[in-house]
4 protein chains.
Amino acid sequence: MTELAAVKAALRTQAVETPSWAYGNSGTRFKVFAQPGVPRDPFEKLDDAAKVHEFTGAAPTVALHIPWDRVDDYAALAKHAEERGLKLGAINSNTFQDDDYKLGSICHPDAAVRRKAVGHLLECVDIMDATGSKDLKLWFADGTNYPGQDDIRARQDRLAEGLAQVYERLGDDQRMLLEYKFFEPAFYATDVPDWGTAYAHCLKLGPKAQVVVDTGHHAPGTNIEFIVATLLREGKLGAFDFNSRFYADDDLMVGAADPFQLFRIMYEVIRGGGFTSDVAFMLDQCHNIEAKIPAIIRSVMNVQEATAKALLVDRDALGAAQRAGDVLAANAVLMDAYNTDVRPVVAEVREELGLDADPIAAYHRSGWAQKIAAEQVGASERQCAGGSEGLRPPPRLRIAAHSPWA
Amino acid sequence: MTELAAVKAALRTQAVETPSWAYGNSGTRFKVFAQPGVPRDPFEKLDDAAKVHEFTGAAPTVALHIPWDRVDDYAALAKHAEERGLKLGAINSNTFQDDDYKLGSICHPDAAVRRKAVGHLLECVDIMDATGSKDLKLWFADGTNYPGQDDIRARQDRLAEGLAQVYERLGDDQRMLLEYKFFEPAFYATDVPDWGTAYAHCLKLGPKAQVVVDTGHHAPGTNIEFIVATLLREGKLGAFDFNSRFYADDDLMVGAADPFQLFRIMYEVIRGGGFTSDVAFMLDQCHNIEAKIPAIIRSVMNVQEATAKALLVDRDALGAAQRAGDVLAANAVLMDAYNTDVRPVVAEVREELGLDADPIAAYHRSGWAQKIAAEQVGASERQCAGGSEGLRPPPRLRIAAHSPWA
Amino acid sequence: MTELAAVKAALRTQAVETPSWAYGNSGTRFKVFAQPGVPRDPFEKLDDAAKVHEFTGAAPTVALHIPWDRVDDYAALAKHAEERGLKLGAINSNTFQDDDYKLGSICHPDAAVRRKAVGHLLECVDIMDATGSKDLKLWFADGTNYPGQDDIRARQDRLAEGLAQVYERLGDDQRMLLEYKFFEPAFYATDVPDWGTAYAHCLKLGPKAQVVVDTGHHAPGTNIEFIVATLLREGKLGAFDFNSRFYADDDLMVGAADPFQLFRIMYEVIRGGGFTSDVAFMLDQCHNIEAKIPAIIRSVMNVQEATAKALLVDRDALGAAQRAGDVLAANAVLMDAYNTDVRPVVAEVREELGLDADPIAAYHRSGWAQKIAAEQVGASERQCAGGSEGLRPPPRLRIAAHSPWA
Amino acid sequence: MTELAAVKAALRTQAVETPSWAYGNSGTRFKVFAQPGVPRDPFEKLDDAAKVHEFTGAAPTVALHIPWDRVDDYAALAKHAEERGLKLGAINSNTFQDDDYKLGSICHPDAAVRRKAVGHLLECVDIMDATGSKDLKLWFADGTNYPGQDDIRARQDRLAEGLAQVYERLGDDQRMLLEYKFFEPAFYATDVPDWGTAYAHCLKLGPKAQVVVDTGHHAPGTNIEFIVATLLREGKLGAFDFNSRFYADDDLMVGAADPFQLFRIMYEVIRGGGFTSDVAFMLDQCHNIEAKIPAIIRSVMNVQEATAKALLVDRDALGAAQRAGDVLAANAVLMDAYNTDVRPVVAEVREELGLDADPIAAYHRSGWAQKIAAEQVGASERQCAGGSEGLRPPPRLRIAAHSPWA
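Note that this is a predicted model, so its numbers are computed, not measured. Counting from 1, residues in each chain are numbered in the order their sequence is written. Whichever chain is written first becomes A and whichever ligand is written first becomes 1, with later ones labelled in order. Reporting of local features is limited, given that this is a predicted model, to residues whose pLDDT is at least 70; pairs of side-chain atoms are given and counted only at 80 or more, and all residues count toward the totals for whole chains, interfaces and linings. The basis for every side-chain value is the complete set of non-hydrogen atoms in the structure, without hydrogens or water.

### Regarding the overall build of chain A
So, step 1. In DSSP terms, a helix is any run of H or I states spanning at least four residues, a strand is any run of E spanning at least two, and both are numbered starting from the N terminus. The secondary structure content of chain A amounts to 15 helices and ten strands.
So, step 2. Its C-alpha radius of gyration of 21 Å places chain A within 12% of the 22 Å reference for a compact globule of 406 residues.
So, step 3. In terms of principal-axis extent, the alpha carbons of chain A reach across some 60 × 50 × 40 Å.
So, step 4. Any two residues whose heavy atoms approach within 4.5 Å are treated as being in contact. The contacts in chain A between residues at least 6 apart in sequence include a share of 78% that link residues at least 24 apart.
So, step 5. Here chain A has roughly 12,500 Å² of accessible surface; of this, 52% comes from carbon and sulfur atoms.
So, step 6. For the charge count, each Lys or Arg is scored as positive and each Asp or Glu as negative, with His and the chain ends excluded. Note on charges: their place is set at NZ of Lys, CZ of Arg, CG of Asp or CD of Glu. Taking the average place of the 43 positive charges on the side chains of chain A and the average place of its 58 negative ones, the gap between the two points comes to 1 Å. Radius of gyration here uses only the C-alpha atoms, and the compact-globule reference equals 2.2 Å multiplied by the residue count raised to the power 0.38. Areas reported as accessible are Shrake-Rupley estimates using a 1.4 Å probe. Residue values count occlusion only from the protein chains shown.

This is the structure in structure tokens:
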């Protein structure tokens, strides 16, 4: 097999999980700009996600978010997915949108709130059993806004205790993926603010606990690929939440702000064996002002292109230059791959899979955007008819009014 | 007059403007935690603001925000204020919460949207005429999220054109205060991202245009007191939006995150003559998880204490050490003032004004929090009875659901 | 002329000025790692610079640094340059390496130090007259390390006064280029910390004063291309000091840390007319651990490639998408150019100029590195023989032991 | 015992270790400004350190740096210390100033360099045996400047291997303290960039390996007290390197840039039991422009004052407010302690120890500064007479010409 063939073979295996909530409306604290045609329920989110997979061939799973994607019948939801060539992916918990969680969830000073939060997490594992999902993805908005507001160290004790209860509940094939975030919505101290904290907790919990790297959740200047390499070396990299940022947790399309960084991350993934392991590659983005489905398609393409470039690195030449201490030569080997225009290669992979070489153009030609915009007329009535308010999600336009995942 | 007497005399003149929207609910993009008793209309906001002034003696004016504080009869609103010992302060425009503003307001690529935005700003000047407000405070959420999204430079041309139209409309005693912000809600390029941009526009507009320094609107590490000193030197410092932050635009209580910085800022204000000029000292904060009225009282107190410390700096000794190039001695003079516990002095000033030495305790004893929480029962009915939907603001709990000013 | 021909024609005109000091040793505060063969005097620096121009065809001028490049006979130095196909470029002042400058230079509290500093700047203009250089590039290390150390505002007054004296001395065709820097070596307040400060001073000085954008001199997250666009719009962009950084003023090879940013900057340069104006494109880098001459060649190539991509942007398509408010389409137009592999185009330009397509390989084949390393044996003796200590620079290995320009 | 008595009793036990190198010259990459009277050898450094202890009563140990403090006879050095009321403290290694270390030390791609580096570390343990020092403090400048320069992950393997060899050599009462640093002198990837990396290595090494928190070694915005609390909870906080910063690793006097942060750190230390454990409190600062000995005295005082405030926190009231979820009340309890002027209390502690209430004034009165400045005349001669170049440190003025510890 030629080298290019190997690159293409690897690209054919690549799968990016898209998040159900990215298909819904999102915004900043200043305004949520509603978009026409956003899904009204989890089934419609899957319909949209199916389009992304249809045109990219690389987005076969969809992450769910509870309670936003709570349904009566998860088997029906899984079947809906399967009929569209999809599978249900990670279950994402939500312990930040109930009034009880104002001062935290599993780190809250009040034991009753902590119990409620743990109860929700256990419910998420129940749903995993029902959907066949293997991953429980945990992001906690827990933290404090003012020095002294709560006992930073006691909150760690509570966190450890709550996580242990959930960990115990996991099945043999299930994982707990713990996400960290530098700040927001807490503005003084966040309870899981960095990879070190997530790693320390996962280490104590056991092998089924791993760390999630959200590419937007770091302090300015942080070398994310170093963290990726380190976590892979420790066997503790569970998943990515891909997005990009110029400032804070901007949640822009992955690869849009710093494509070179994405390439470096993918290089460390490949170098560390993460590409062929069970590291999950997920998107977690907010398409506040751009059209959502094509933005997600573009994001999948960006991951593919960064991966193709990373696969193209001449690792023999790189290793030789590194061992020789030739700084410029080693850097040049890496840059040579980065500077290559890989779009033709990725297009070929698509065509070999029977797909259009240009997923964006194909999507636009498909008429899907027009169809869902048209169907949304009278949305609220149809949505209410679909189920009881308690079990079905709220109307499309209000789903994910605030960005679900940070 | 002894030195302490001079400090106290200066403190007695200090006035901090509180923003109407800080009395309403606010939150992050993840969640708005509603608080009991938040005002249902601009009149009730003034009632709350009156309490802050009643217990501090230092918050005599209230900034309004249009359209949130739009009323039928501004004379009635002004009278309502006056009856409570208040005056109406700056008029703050809002060009970020209409669907039309998704891609900007006065920088929008579409001339029709720009016209609408300018129209709103002109309406704000009309309201200034009605309320007797002297300051039009402008913050634009304008910007772009993705490279290439719009023409950065053309947006500056549009900005300049729009500002000029509004400037022309100002009365002789009216000012335009232009605020800058590093980022958010735009995540790639913000159209007024730094003091330099605001300054350059104000310079071209004329003497009635000045810059607003929001203490939370800077890149990490920015020396804000340098900007304050520079703008004062240029005669272009119009106002402060006070708040504090650990990360981005966290909008915490001023002085809560870095009290030493607030002291340094107030020192440069005093040194540059800003304390006795027409620089407006305003709060712009979001009390997402803490009780709002006491948080605002605390913020006013924090400004007072920082000011007291800054007034205590022995400027003769400081100047001598500076001229001698004695780094440690000069720093020590400044720190000597900062390390002084000025709370007794500020308390004395309050008592001399006939106020309680401890505004927070006095507020809690007053029963106001219980009263407004109780009155809010049945709020939506009362609110709807108060006026037509189009003219009266929406119910309290939805007012300022998203933080108005960044 | 076809589009590609236009791109190539533009590339042929591109000139990047290299700094004499980048050919000498540099390091961090921890260690200067000496490299074999670094130049022992300004003449040898020109010899090295000639190699960069020989292989790139795009580095025809060399910036000098006074006093490091002080010589007895500037006409001889200019002739030495000319014989190698070079011209002498900007004169860079140094007001930070004398013991007198511990607390500043033209902002120093002591008038005698300020006079000395201004005297040095005036001497630099004398040298400009002798060399025919048109640009006086000013970077001031001035600032303070501790709050209170000096009077921030008074330092601005002194700065303005000193700059005015130097501005007066400029000839009709000479410019003053004022550089700003976020921090370092001052760690509390820097006297020209941002573009706004530099701009405000240049504005008052007059049309011959313009701002220098050093790409490593900004706060984390700063949108540099916005500053570029703004300064061009104001007619105040005088020059670039190119380099790249991940953290602070790292002074890495331009384009090495964030090639996408360099592309965006070059796009705004082109869009704003800066490519065909008198904006000077200079390098200012420290090659602490990598071989210096090839690193500079690589840097010139990186600027060329970013420029080629920026020239390739389909501005008609971009404008159409921008006007339509199509966020994704507009971004895609920009990314389409960025994702193009322009190395073949740039190589063609070189070949059409009679150069090797691969400047790095050609340099390595040339044997220059071996030649200068060999000649350096006994360097100190030869250097001392070459001139008196007071007039000739110190031995090569000590030249620029500390990075000259930040 | 009254509460105040308890605070004073705690303060009397507080010890801050000062670093030998802070008494020598230091600077930035731009310039080292030499100061009169800086020590010419380790014995003179101890003389200076003795003055700091004499006037503060709180600086009884001095950290050494090898090779800068290498002497023939460590027993003589220890005796010199003891005669002045001092003990020798931590041994600090240096693997960054030999030419061999250009691309790293124990992470270097070349095994021979790694062996040399490990050899140096083992020599440091030998010196610990000779001096009776208990702590080996390790900071590695190791890292890379360019993507691709070396294999990030392989460097971790080498790091782990080298550390293990040194760990094995430690005696029963000896510790290895591993320091992390965000960046500098490496500008792309640092091999121990954050607490998580240091923690992960220490965990694998065993109980004698602990983490050093240098307060200047974090990304912008990092919540350092959270790290302190977390490491204490994990039993892995070994020591502090105190200093302060506004931007990067500015190495200013501790407490000078953000006194509130220092207070919060000391509060978490006390709350986590670190004040009465074996956590070492060390200074690591560069007094580039201010007089060194009084700057170190001031730094010790700043630590004392922050500690006094932290000890004053009413922890019962704080806990009650935290449990009640009263954000403002909890914050107010903390701020009440912070806003207290503790200088009188600390002065009383000094007087009860028979010291002057004002250490700075007492130092200035002592005439020490004049004495050492006078003695330095003819320094180079005396220094050369003192020992062979290989065994004795270089002349005072060149000692620590580059800041030793970051």
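Alright, that's what it looks like, and here's the rest.
### Considerations on the interface of chain C and chain B
So, step 1. On the side of chain B, 53 residues touch chain C, which itself brings 53 residues to the contact.
So, step 2. In short, buried area is how much 1.4 Å probe accessible area vanishes from two parts on joining, totalled over both. Both sides of the chain C and chain B interface together cover about 4,300 Å² of buried area, and 58% of this is carbon and sulfur.
So, step 3. Of all residues in chain C, C:R153, C:F226 and C:R233 bury the most surface against chain B, accounting for 18% of the area lost on that side.
So, step 4. Criterion for a salt bridge: a side-chain nitrogen of Lys or Arg within 4 Å of a carboxyl oxygen of Asp or Glu. Counting across the interface, chain C meets chain B through six salt bridges.
So, step 5. Contributions of two or more residues to the side of chain C that touches chain B are made by α5 (152-169), β7 (189-190), α6 (195-205), α7 (224-233), α8 (259-271), α10 (315-323) and α11 (327-338) of chain C.
So, step 6. Considering every element that reaches the side of chain C that touches chain B, the biggest residue donor is α6(C), with eight residues.

### Some remarks on helix α9 (residues 292-312) of chain D
Along an α-helix, a turn takes 3.6 residues, which lines up residues three or four apart on a common side.
So, step 1. The length a helix should cover is 1.5 Å for every residue beyond the first. The end-to-end C-alpha distance of α9(D), which contains 21 residues, comes to 30 Å, matching closely the 30 Å that a straight helix rising 1.5 Å per residue would cover.
So, step 2. Working definition: with a 1.4 Å probe on protein chains only, accessible area under 20% of the residue-type maximum means buried, over 50% means exposed, and in between means partly exposed. α9(D) sits mainly inside the fold: 19 of its 21 residues count as buried.

### Considering the interface of chain A and chain B
Reports often express the size of an interface as the amount of accessible area lost when the parts come together.
So, step 1. Taken together, the contacts link 44 residues of chain A with 44 residues of chain B.
So, step 2. In this assembly, chain A packs against chain B so that about 4,100 Å² is buried in total across both faces, 63% of it on carbon and sulfur atoms.
So, step 3. Summed over the three residues of chain A that lose the most area to chain B, namely A:R29, A:F30 and A:Y146, the buried surface amounts to 23% of that side.
So, step 4. On the surface where chain A and chain B come into contact, there are eight salt bridges.
So, step 5. Residue B:D99 pairs with A:K31 through a salt bridge whose shortest N-O separation is 3.0 Å.

### Here we look at the pattern of salt bridges
So, step 1. Under the definition given, this model contains 144 salt bridges over all chains.
So, step 2. The salt bridge partner of A:R175 is A:D135, with a shortest N-O separation of 2.9 Å. On the criterion of sequence distance, the pair formed by A:R175 in strand β6 (residues 175-179) and A:D135 in strand β4 (residues 135-138) is long-range, its members being 40 residues apart. Residues A:R175 and A:D135 agree in their burial class; the two are buried.
So, step 3. Across the salt bridge formed by C:E83 and C:R84, the nearest N and O atoms sit 3.5 Å from each other.
So, step 4. A relative accessible area of 31% means that C:R84 is categorised as partly exposed.
So, step 5. Each of the salt bridges in this network shares a partner with another, and the network as a whole consists of A:R29, B:K181, B:E184, B:D249 and B:D251.

### Structural notes on the packing of helix α9 (residues 292-312) of chain B against helix α12 (residues 343-352) of chain B
All names here are of chain B.
So, step 1. α12 packs onto α9 with a crossing angle of 115 degrees between their chain directions and a minimal axis gap of 9 Å. Of the possible angle classes, the one that applies to α9 and α12 is roughly perpendicular. Every pair of crossing elements has a handedness; the one defined by α9 and α12 is right-handed. Of the residues in α12, those touching α9 at M301, Q304, E305 and A308 are R343, V346 and R350.
So, step 2. Amino acid classes used here: Ala, Val, Leu, Ile, Met, Phe, Trp, Tyr, Cys and Pro are nonpolar; Asp, Glu, Lys and Arg are charged; the rest, including Gly, are polar. Of the residues belonging to the contact of α9 with α12, the class tally is three nonpolar, one polar and three charged. Lines fitted to C-alpha atoms define the axes, with helix axes restricted to the stretch in contact, and inter-axis angles between N-to-C directions lie between 0 and 180 degrees. Roughly parallel refers to an angle under 35 degrees, roughly antiparallel to one over 145, roughly perpendicular to one between 65 and 115, and oblique to any angle outside these ranges. The handedness criterion is simple: a crossing whose near helix is rotated anticlockwise from the far helix by less than a right angle is left-handed, and one whose near helix is rotated clockwise is right-handed.

### What to know about the side chain of D:Q35
So, step 1. Here D:Q35 lies in the loop between β1 (18-19) and α2 (42-56).
So, step 2. With a relative accessible area of 9%, D:Q35 lands in the buried category.

### Concerning the relation of the copies chain A and chain B
So, step 1. Residues below a pLDDT of 70 in either copy are left out; the C-alpha atoms of the rest, at least 70 in both, set the least-squares superposition of the copies. For the match of chain A to chain B, the screw axis carries a shift of 0.0 Å, the RMSD comes to 0.0 Å, and the turn is 180 degrees. Accordingly, the operation relating the two chain copies is best matched by a two-fold axis. Among all residues of chain A, the minimum C-alpha distance to the rotation axis is found for A:R29, at 2.1 Å.
So, step 2. Comparing contact sets, 100% of the residues at the interface of chain A also lie at the interface in chain B, consistent with an isologous, same-surface contact.

### What about unusual backbone geometry?
So, step 1. Cis geometry marks the peptide bond from C:E184 to C:P185; its omega dihedral reads 10 degrees.
So, step 2. Take C:P185: it is sitting in the loop between β6 (175-179) and β7.
So, step 3. A positive phi angle, close to 60 degrees, is found at D:D251, a residue other than glycine.
So, step 4. Relative to the assigned elements, D:D251 resides in the loop between β9 (237-242) and α8 (259-271).
So, step 5. Assessed through its relative accessible area of 0%, D:D251 is described here as buried.

### With respect to the pairing of strand β4 (residues 135-138) of chain C
Residue and element names in this part refer to chain C.
So, step 1. Because side chains alternate across β4, one face comprises the buried residues D135 and K137, and the other comprises L136 and L138, equally buried.
So, step 2. In terms of strand pairing, strand β3 (residues 87-92) meets β4 through two bridges, oriented parallel. Looking across to β4, one finds that I91 is bridged to L136.
So, step 3. Whether a crossover is right-handed depends on one test, that the path from the first strand over the helix to the second runs clockwise when the strands point away from the viewer. In this view, the connection linking β3 to its parallel neighbour β4 by way of helix α4 (residues 111-131) has right-handed handedness.
So, step 4. Where β4 and β6 come together, four bridges link them in parallel fashion. Between any two strands, pairing holds if DSSP finds at least two bridges.

### With respect to the environment of C:K87
Residue and element names in this part refer to chain C.
So, step 1. For K87, the position within the fold is in strand β3.
So, step 2. Given the relative accessible area of 60%, K87 is considered exposed.
So, step 3. Along the primary structure K87 and A111 are separated by 24 residues, whereas in three dimensions their C-alpha atoms are 36 Å apart.

### Overview of the side chain of B:S244
So, step 1. Relative to the assigned elements, B:S244 resides in the loop between β9 (237-242) and α8 (259-271).
So, step 2. Setting aside residues no more than four positions away along its own chain, B:S244 makes contact with B:D250, B:D251, B:L252, B:M253, B:V254, B:G255, B:A256 and B:A257.

### Let's talk about the UniProt feature "domain: Xylose isomerase-like TIM barrel" (unreviewed entry) in chain A
So, step 1. Mapped onto the present numbering, the UniProt feature "domain: Xylose isomerase-like TIM barrel" (unreviewed entry) falls at residues 71-248 of chain A.
So, step 2. The annotated region residues 71-248 of chain A carries 39% helix and 17% strand content, and the separation between its end C-alpha atoms amounts to 33 Å. UniProt positions are given in the numbering used here, feature names are shortened, and annotations may be inferred rather than shown by experiment.

### Considering the nonpolar core
So, step 1. Only buried residues count toward a nonpolar core, which is a set of Ala, Val, Leu, Ile, Met, Phe, Trp, Tyr and Cys residues joined through side-chain atoms within 4.5 Å. In terms of nonpolar packing, the biggest core is built from 423 residues, with A:F240, B:F240, C:F240 and D:F240 touching the most fellow members.
So, step 2. Each residue touching B:F240, except ones within four places of it in the same chain, is listed here: B:V212, B:V213, B:T215, B:V228, B:I265, B:V269, B:V279, B:A280, B:F281 and B:M282.
So, step 3. If you look at the next biggest cluster of nonpolar residues, it comprises 88 residues, including A:A219, C:M253, D:I152 and D:F187.

### A closer look at the pairing of strand β10 (residues 280-283) of chain D
Residues and elements named next belong to chain D.
So, step 1. Where burial is concerned, the two faces of β10 agree: the one with A280 and M282 and the one with F281 and L283 are both buried.
So, step 2. Bridge analysis of β9 against β10 gives four bridges, and the strand direction is parallel. Its bridge partner lying in β10, D241 is registered against M282.
So, step 3. Traced from β9 through α8 to β10, the parallel crossover comes out right-handed.

### A few points about the packing of aromatic side chains
So, step 1. Centre distance within 6.5 Å is the pairing criterion for rings of Phe, Tyr and Trp, where only the six-membered ring of Trp is used; planes under 30 degrees apart are then read as stacked, over 60 as edge-to-face, and the remainder as tilted. Overall, the coordinates contain 78 aromatic pairs over all chains when judged by the stated rule.
So, step 2. Between A:F183 and A:F187 the ring centres are 6.3 Å apart and the planes differ by 50 degrees, which places this aromatic pair in the tilted class. Assigned by exposure class, A:F183 and A:F187 land together as buried.
So, step 3. Here a set of aromatic residues connected by ring pairs shows up, and it is made of A:F182, A:F183, A:F187, A:Y188, B:F246 and B:Y247.
So, step 4. Lysine and arginine charges are scored as sitting over a ring when NZ or CZ, respectively, is within 6 Å of the ring centre and within 35 degrees of the ring normal. Note that A:K116 overlies the ring of A:Y101, its terminal NZ or CZ placed 5.2 Å from the centroid.
So, step 5. Residue placement shows B:K208 over the ring face of B:Y167; its charged tip is 5.6 Å from the ring centre.

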